[in-house]
Amino acid sequence: MIKKVFSALLFISLVCCGCAKKEVAPVDTLTTIKQRDQIIIGVKVDTPPFGYLDKDGKNIGFDIDLAKLITKRLLGDENKAVFIPVNTSNRIMKLSSGEVDMVIATMSITPQRQMILDFSVPYHVAGQAIMVKKDSEITSLMELQDKKAIIVFGSTVERNLRSNVPNITIIGYKTYPEAFAALKEGLADAMISDDTILFGLEMKDDSVKILPKRYSKEPYAVAFAKGEQSEALIEKINFEINDMINRGVVRQLKAKWNID
Ligand code: GLU
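First, a word on what this report is: a plain description of the structure on this page. (Residues numbered from 1 in each chain as written. Predicted model: local features only at pLDDT ≥ 70, side-chain atom pairs only at ≥ 80, totals over all residues. Heavy atoms only, no water.)

1. A closer look at the environment of Gln 38
Next, step 1: The residue Gln 38 is located in the loop between α2 (29-36) and β1 (39-44) in this model.
Next, step 2: Gln 38 gets classed as partly exposed once you look at its relative accessible area, which sits at 34%.
Next, step 3: On a C-alpha basis, the gap between Gln 38 and Ala 81 in space is 5.8 Å, while along the polypeptide they are 43 residues apart.
Next, step 4: Discounting residues that sit within four places of it in the chain, Gln 38 has contacts with Ile 33, Leu 75, Lys 80, Val 82 and Asp 101. (Helix = DSSP H or I, 4+ residues; strand = E, 2+ residues; numbered from the N terminus. Buried < 20%, exposed > 50% of the residue type's maximum accessible area, 1.4 Å probe, protein only. Contact = heavy atoms within 4.5 Å.)

2. Observations concerning the site of the ligand
Next, step 1: Contacts to the ligand come from 15 residues, most closely from Thr 88, Arg 91, Thr 106, Tyr 176 and Asp 194.
Next, step 2: The contact in question runs from an oxygen atom of the ligand to an N or O atom on the side chain of Lys 44, over 2.8 Å.
Next, step 3: Note that a nitrogen atom of the ligand is positioned 2.7 Å from one of the side-chain N or O atoms of Ser 108.
Next, step 4: Calculation on the ligand without its partners gives an accessible area of 280 Å², and the protein chains cover 99% of this total.
Next, step 5: Put simply, the ligand lies in the largest cavity. (Near = heavy atom within 4 Å. Polar contact = N/O pair within 3.5 Å; in protein donor to acceptor, adjacent residues only side chain to side chain. Areas by Shrake-Rupley, 256 points an atom, 1.4 Å probe, with all protein chains shown as cover. 1 Å grid on protein atoms, 1.4 Å probe; cavity = no way out; pocket = protein on both sides within 12 Å on 5 of 7 lines; lining within 4 Å. Sits in = over half its atoms within 2 Å of the grid points.)

3. So, the packing of aromatic side chains
Geometry of an aromatic ring pair is reported as the spacing of the ring centres plus the angle between the planes.
Next, step 1: On inspection of all chains with the given rule, the structure shows five aromatic pairs.
Next, step 2: Taking the centre distance of 5.7 Å and the plane angle of 70° together, the rings of Phe 50 and Phe 62 count as edge-to-face. In this pair, Phe 50 sits in the loop between β2 (46-47) and β3 (51-53) while Phe 62 sits in helix α3 (residues 62-75), placing the two residues twelve residues apart along the sequence. Phe 62 carries the same exposure label as Phe 50, and that label is buried.
Next, step 3: Each ring, one from Tyr 123 and one from Tyr 220, has its centre 6.4 Å from the other, and the planes form 70°; the classification is edge-to-face. One end of the pair, Tyr 123, is in the loop between β7 (117-119) and β8 (124-126); the other, Tyr 220, is in strand β14 (residues 218-220), and 97 residues separate them in sequence. (Phe/Tyr/Trp six-rings, centres within 6.5 Å; stacked < 30°, edge-to-face > 60°.)

4. Points about the packing of α3 against helix α10 (residues 249-256)
Next, step 1: At a minimum axis distance of 10 Å, the contact between α3 and α10 shows a crossing angle of 150°. Relative to α10, the crossing made by α3 is right-handed. On α10, the residues that touch Phe 62, Asp 65, Leu 66 and Leu 69 of α3 are Val 249, Val 250, Leu 253, Lys 254 and Lys 256.
Next, step 2: Class assignment for the residues of the contact of α3 with α10 results in six nonpolar, no polar and three charged. (Axes fitted to C-alpha atoms, helices over the stretch in contact; angles between N-to-C directions. Left-handed = near helix turned anticlockwise from the far one by under 90°. Nonpolar A, V, L, I, M, F, W, Y, C, P; charged D, E, K, R; others polar.)

5. As for the side chain of Arg 113
Next, step 1: Here Arg 113 lies in helix α5 (residues 111-114).
Next, step 2: Buried within the structure, Arg 113 lacks any salt-bridge partner; its nearest side chain of opposite charge belongs to Glu 218, at an N-O separation of 5.8 Å.
Next, step 3: In terms of polar contacts, Arg 113 uses its side chain to reach the backbone carbonyl oxygen of Gly 154, at 3.1 Å.
Next, step 4: Beyond its immediate sequence surroundings of up to four residues, Arg 113 is in contact with Arg 91, Ile 92, Met 107, Ser 108, Phe 119, Gly 154, Ser 155 and Thr 156. (Lys, Arg positive; Asp, Glu negative; His and termini not counted. Salt bridge = Lys/Arg side-chain N within 4 Å of Asp/Glu carboxyl O.)

6. Some points on the layout of surface pockets
Empty space among the atoms can be located by rolling a probe the size of a water molecule over them.
Next, step 1: Approximately 260 Å³ is the volume attributed to the largest pocket.
Next, step 2: Lining the largest pocket are 17 residues, with Thr 110, Gln 112, Thr 156, Arg 159 and Glu 218 sitting closest to its centre.
Next, step 3: Counting residues per element, the ones that place at least two in the lining of the largest pocket are α5, α6 (157-164) and β14.
Next, step 4: A class-by-class count of the residues in the lining of the largest pocket yields three nonpolar, nine polar and five charged.
Next, step 5: Its boundaries defined by the atoms lining it, the second largest pocket holds a volume of some 220 Å³.
Next, step 6: Taken together, 14 residues make up the lining of the second largest pocket; nearest its centre are Thr 29, Leu 95, Gly 98, Ala 225 and Gln 229.
Next, step 7: Elements with a contribution of two residues or more to the lining of the second largest pocket: α2, α4 (91-96) and β15 (223-225).
Next, step 8: Tallied by class, residues from the lining of the second largest pocket come to six nonpolar, six polar and two charged. (Points joined across faces, edges and corners; volume = space filled by probe spheres on them.)

See the structure below:
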């Protein structure tokens, strides 16, 4: 009896350890998408003009339009895109856990992220900029030494600031509206983020200004879980993005959403 229990436990532990699993190839995400007949896409809901909600709670923005075009090209109907809200700090987790097939959410390609994710070709290049209150005398990043700057957690700006302005005090928020409200309340001397995102926040607000200098290059791309399962999907999406760039579709979308 003891022997039987022991063998059963040994069998279960071998299976759980992955000895049996290793032979199973990872499920190809493009095949899953086609079988499901829907694409599950992580998008922003707090980042105008890329991904946000209209007054009826509908997803809108440049990244949403791009997601719909990609869905139409893959499945023949833009309504087959299912949007899942993600933010700057949880989007990597949503991809790695398999909750979404891809993320289209102002996400820059970086060497650190490439170690844990895969990316498409870029569809836009932004640059980090500084936003301050209209009456602020700050003119550059170096003047923020020993001062306070607002950022959104999980964004590329944190790393940049820590290496270039070591004495800065960073105040992080989870969402862009919260970060913007904090700047307006005077909780810090500046807010730092991608220029295109700052322009989206500043658009209807003349109490703030964006300084002219850019401090980085932020190539925005579609992000995928890392691994073999994403290869066919990435190849297909790279083809579609390049085609949309060549046909001027991406340029038209940028004009629609006032993105330079
Ligand atoms: N592009 C930057 C990043 O990927 C900032 C935008 C964002 O917070 O999504 O971190």
